[in-house]
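Remarks on the overall topology
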Amino acid sequence: MSSPPPAAAPGLISAARSWIDRNILALGREMRLSYLPPLMVYVAAGISGLTAIVGTFFVKERLGLSAEFLAALGFWAGLPWALKVPLGHLVDLIWRWKAALVFVGAGLIAASVVIMIGLLGHTESMRAMWSVEAWFVLAVLLSPIGYVVQDVVADAMTVEAVPRFDAEGRPIGMATRKSMNTTVQTLGRVAIIGGSVLVSLANVYLLRGAGAMADAEKTLAYLRVYELALAIPFVSVLGVALGAGLQWRAAKRLRARGFAKSDVRRMLDPHGERPPVNWWILGGGLAFAVVSLGVGVGQVAGGQEIVFGVSMAIVLFLIWRLTGELEPEARHVLVGTAIVVFVVRAMPGPGAGSTWWMIDQLGFDQQFLATLSLIGSVLTLAGLFIFRRFMAERSIAYIVGFLTIVGTGLGLPIVGMYYGLHEWTADHTGGLVDARMIALIDTALESPLGQIAMVPMLAWIANSAPDRLKATFFAVMASFTNLALAAAQLGTKYLNQVFTVTREVRDATGALTAPADYSELGMLLVVTTVLGCVLPLLAILFVKSTRFRSA
């Protein structure tokens, strides 16, 4: 008696096709040419990571900076993102001329890259003017200022990219525009991560064999990477030029259909009338800049803590003033969402010491780290498509809880390797599952989880914030969540003060000035893993047990 053919296989194939169509192909079909200008600015942010690996090895090989100092430098480098508040309001005030800020940002980014090119290609000339360490610190600080200026404009451009009227001049419904806003925010993350994929590919190619190179050849390889990085500001400027061209074309098409010039301006400008100047926001931003510069230049004791406290107070005050524009229900959702996202982003890490340990003890060279970056970027990009429906259908609290638990589990293999996990697995698998294999598997599993939580919050702001204050809302909430990264750097600095990790440092003559010491790294990894699990879950419980909710 013959059995009927199995129907499961065709059913699975059909389900897979349907899933791919809904989660991947649908996003491509929803792409519009008007989305491209802000996406190009986001791509520039994505390819900013081109120099990250080279920068790590430059610090390790050429500079005697400690892990604690680098964590502190990371705090100062992250602080300009708090300036998104006054910059966002400035964009709302000069909406028609906001593209000029992208050129300012591009100039600062280019200056940072040129300094690093000078340090690598003309070291002695640069040293004659200033110390190599001082030049490096300046380059590190200039770059984020440029990126934050561009990012503020890109956020505003995403609002402009979603049309309110179709090509015939008919209004587009709110439900359709909401879907478009979610699509643009998802594509924005895709653009950033897609840029990181490109730079990871470039690093794999440019840094091939760098671990075995002589110093002169290695310097040339590093120099090529920084020279290629000069393309970053060019891409963002090109996006602004394309945006201006598309606006001109759309205006021309509407005028050809008989619409008056004033009507065309109203249709194409989502901003409406200019909001009144909010001197609280501009004054608060100016106060923040003055206090930060004064404390930083004056090298005041506890300066980072002072600046963080002042900036947090200013941003919280601005949030209080700004959320007065919202209905109570929407205000509670926004505050609850911001609390959860802040805590997640404020989790401290082990700092530079863990990377030094991987280089020195596990033998991870430049090309292998570039390969890890490539795998991480590709799978993060895939994760945005895989979790697209998950993001749309679940609250941020649910998403963060899921990511916290899964991320903690995926972080355990790195802790395990410090205590010899890779040696045990290599012994029992004939050398197949060694340190590099564990790092590859861990990166492959963990990477898709990184960018998910931000998309729903950005889409909520695009949908729910008042039209005339879109850029300001984006800026204030981004400043708040980016201050969390500053808190994370402070936490990393404190942990590196408690658990000291040092790499081997030699002077110009080759004499040993500081030996490598990774004896306390294991406990540092354990503490950061526990904190990264417990604190986000407590934040979720707090939001769930109060009047606040998450988007």
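This text goes with the structure placed above it.
A few points on the structure. (Residues numbered from 1 in each chain as written. Predicted model: local features only at pLDDT ≥ 70, side-chain atom pairs only at ≥ 80, totals over all residues. Heavy atoms only, no water.)

Moving on: the packing of helix 3 (residues 52–62) against helix 16 (residues 352–360). Put simply, helix 3 and helix 16 touch, their axes get as near as 11 Å, and they point 80° apart. Judged by the inter-axis angle, helix 3 sits roughly perpendicular to helix 16. Here Thr-56, Phe-57 and Lys-60 of helix 3 come into contact with helix 16, specifically with Thr-355, Trp-356, Ile-359 and Asp-360. Taken together, the residues of the contact of helix 3 with helix 16 break down into 3 nonpolar, 2 polar and 2 charged. (Axes fitted to C-alpha atoms, helices over the stretch in contact; angles between N-to-C directions. Helix = DSSP H or I, 4+ residues; strand = E, 2+ residues; numbered from the N terminus. Parallel < 35°, antiparallel > 145°, perpendicular 65-115°, else oblique. Contact = heavy atoms within 4.5 Å. Nonpolar A, V, L, I, M, F, W, Y, C, P; charged D, E, K, R; others polar.)

Looking now at the nonpolar core. Within the largest apolar cluster, 61 residues are counted, with the highest numbers of intra-cluster contacts made by Phe-58, Leu-119, Phe-136 and Phe-364. Take this core: its biggest share by element is 7 residues, from helix 6 (residues 99–121). The residues contacting Phe-136, other than those within four sequence positions of it, are Phe-58, Val-59, Leu-63, Leu-65, Leu-73, Met-116 and Leu-119. Counting residues in each nonpolar core, the second largest holds 26 residues, with Val-85, Val-307, Leu-322 and Met-477 among its members. (Core = buried A, V, L, I, M, F, W, Y, C linked by side-chain atoms within 4.5 Å. Buried < 20%, exposed > 50% of the residue type's maximum accessible area, 1.4 Å probe, protein only.)

The next thing to look at is the environment of Val-406. Along the chain, Val-406 turns up in helix 19 (residues 396–418). Note on Val-406: relative accessible area 29%, which makes it partly exposed. With 127 residues separating them along the chain, Val-406 and Cys-533 place their C-alpha atoms 9.4 Å apart.

Further remarks concern a positive patch on the surface. A cluster of basic residues, Arg-96, Lys-252, Arg-255, Lys-261 and Arg-265, forms a positive patch on the protein surface. Residue assignment for the positive patch shows that the elements contributing at least two residues are helix 11 (231–256) and helix 12 (261–268). Considering the arrangement of structural elements, one finds Arg-265 in helix 12. Looking at Arg-265, the relative accessible area reads 45%, which means it is partly exposed. (Patch = residues over 30% accessible without salt bridge, like charges linked within 9 Å, V, L, I, M, F, W, Y side chains within 5 Å. Areas by Shrake-Rupley, 256 points an atom, 1.4 Å probe, with all protein chains shown as cover. Salt bridge = Lys/Arg side-chain N within 4 Å of Asp/Glu carboxyl O. Lys, Arg positive; Asp, Glu negative; His and termini not counted. Charge placed at Lys NZ, Arg CZ, Asp CG, Glu CD.)

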